[in-house]
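Understanding the architecture of this molecule
Here are the chains, one letter per residue:
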Amino acid sequence: LINGQFDISQASAKVQTGNYELELTLDAGAKTLSGSVTNTALNWNSALRGYLAGGASTNLDGQYLMAMPGFNVPKVGTAGDSTFSVAITGGVATLAGNLADTNTVSQNSPLCANGYSPVYIPLYTDTNGANANGLLIGWLNFNGVAENSESPDSTLIWISQANASSLYPKGFTNNVAPSISPFAT
C-alpha cells in the first residue's frame, strides 16, 4: 500500500517500496495527474494518467456513435468492428454497445472538464459476476467539434485472456483508436 498527498508547493512525488517505484506529477492548472509505475525487478513500466471529474462543458451534450476496429487477421482476434452509442448529458457519458464477439457492454462515467471520459468494463466474468478474464479500458476524449468529435487522444484496449472466450482460446489484446461521430435523433 502506497499513500500520501500533495501539498500546494509540491507538484511531483516519487515513492519506492520493494521492487515498485511510483512517480506522479500533478498539474493543478490542467487538472491532471500523470506518471508511471515501475517494477524494477521485472523491468516493466506502465504509464498512469488521471483527470479531475466534473466541470465538463455542456456543448458536449448529445448523442454519439462509436466504432472500435477489429483485427486484420481473424485468427488473432475479432475481425469485425465493435459498435457503441455514447450519450453525454449533464457531465455524464453513458456508453452502451456490442463487442465484435457478441458481448454487450454498458457503463456510466463522469466527463472531465477537458472532455475526457474513462472506460473501465470487466469482461468474461463467471456466474457470480466475479473473476473477470478480460477488460475494456481506456479514455475517450470529446472535443466538441461536430465534424470530428473524438480527439486523437482517445484509445481503447480490449483484453481477452486465454480461454476467456471459446471463440479465441489463445486470448488477444486489441489497442485501438475508436472513431466517434455525433448524430442527431
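Residues numbered from 1 in each chain as written. Predicted model: local features only at pLDDT ≥ 70, side-chain atom pairs only at ≥ 80, totals over all residues. Heavy atoms only, no water.

Description of the nonpolar core
With 27 residues, the main nonpolar core has Leu136 and Phe142 as its most contacted residues. For this core, the secondary-structure elements that each account for two or more residues are strand E6 (62-68), strand E7 (82-89), strand E8 (92-98), strand E10 (116-123), strand E11 (134-141), strand E12 (155-160) and strand E13 (172-176). Residues within four places of Leu136 in sequence aside, it is in contact with Met68, Phe84, Leu99, Val119, Tyr120, Ile121, Leu123, Leu156, Ile157 and Trp158. (Core = buried A, V, L, I, M, F, W, Y, C linked by side-chain atoms within 4.5 Å. Buried < 20%, exposed > 50% of the residue type's maximum accessible area, 1.4 Å probe, protein only. Helix = DSSP H or I, 4+ residues; strand = E, 2+ residues; numbered from the N terminus. Contact = heavy atoms within 4.5 Å.)

Focus on the packing of aromatic side chains
Evaluated as defined, the whole model comprises 8 aromatic pairs. Plain terms: the ring middles of Tyr20 and Trp44 are 6.3 Å apart, the flat faces sit at 70° to each other, and that makes the pair edge-to-face. Note that Tyr20 is positioned in strand E2 (residues 20-27) and Trp44 in strand E4 (residues 44-51), a separation of 24 residues in sequence. Residue Tyr20 is classed as partly exposed on the basis of its relative accessible area of 39%. According to the relative accessible area criterion, Trp44 is partly exposed, its value standing at 34%. (Phe/Tyr/Trp six-rings, centres within 6.5 Å; stacked < 30°, edge-to-face > 60°.)

Some points on the pairing of strand E1 (residues 12-17)
One ladder, built from 6 bridges, connects E1 with E2; its direction is antiparallel. Among the inter-strand pairings, Lys14 is bridged to a residue of E2, identified as Glu23. Counting the residues in the hairpin turn of E1 and E2 gives 2 residues, including Gly18, whose phi is positive at 60°. (Pairing = 2+ DSSP bridges.)

Details of the layout of surface pockets
Quantified by volume, the largest pocket comes out at close to 280 Å³. In this structure, the largest pocket is lined by 13 residues; those nearest its centre are Arg49, Ile137, Gly138, Trp139 and Ile157. Every element with two or more residues in the lining of the largest pocket is listed here: E4, strand E9 (104-110), E10, E11 and E12. Split into classes, the residues belonging to the lining of the largest pocket amount to 8 nonpolar, 4 polar and 1 charged. (1 Å grid on protein atoms, 1.4 Å probe; cavity = no way out; pocket = protein on both sides within 12 Å on 5 of 7 lines; lining within 4 Å. Points joined across faces, edges and corners; volume = space filled by probe spheres on them. Nonpolar A, V, L, I, M, F, W, Y, C, P; charged D, E, K, R; others polar.)

Here we look at the pattern of salt bridges
Using the criterion set out here, one finds 1 salt bridge in the structure. Between Lys14 and Glu21 there is a salt bridge, with its nearest N and O atoms 3.8 Å apart. On the basis of relative accessibility, which here comes to 15%, the residue Glu21 falls in the buried class. (Salt bridge = Lys/Arg side-chain N within 4 Å of Asp/Glu carboxyl O.)

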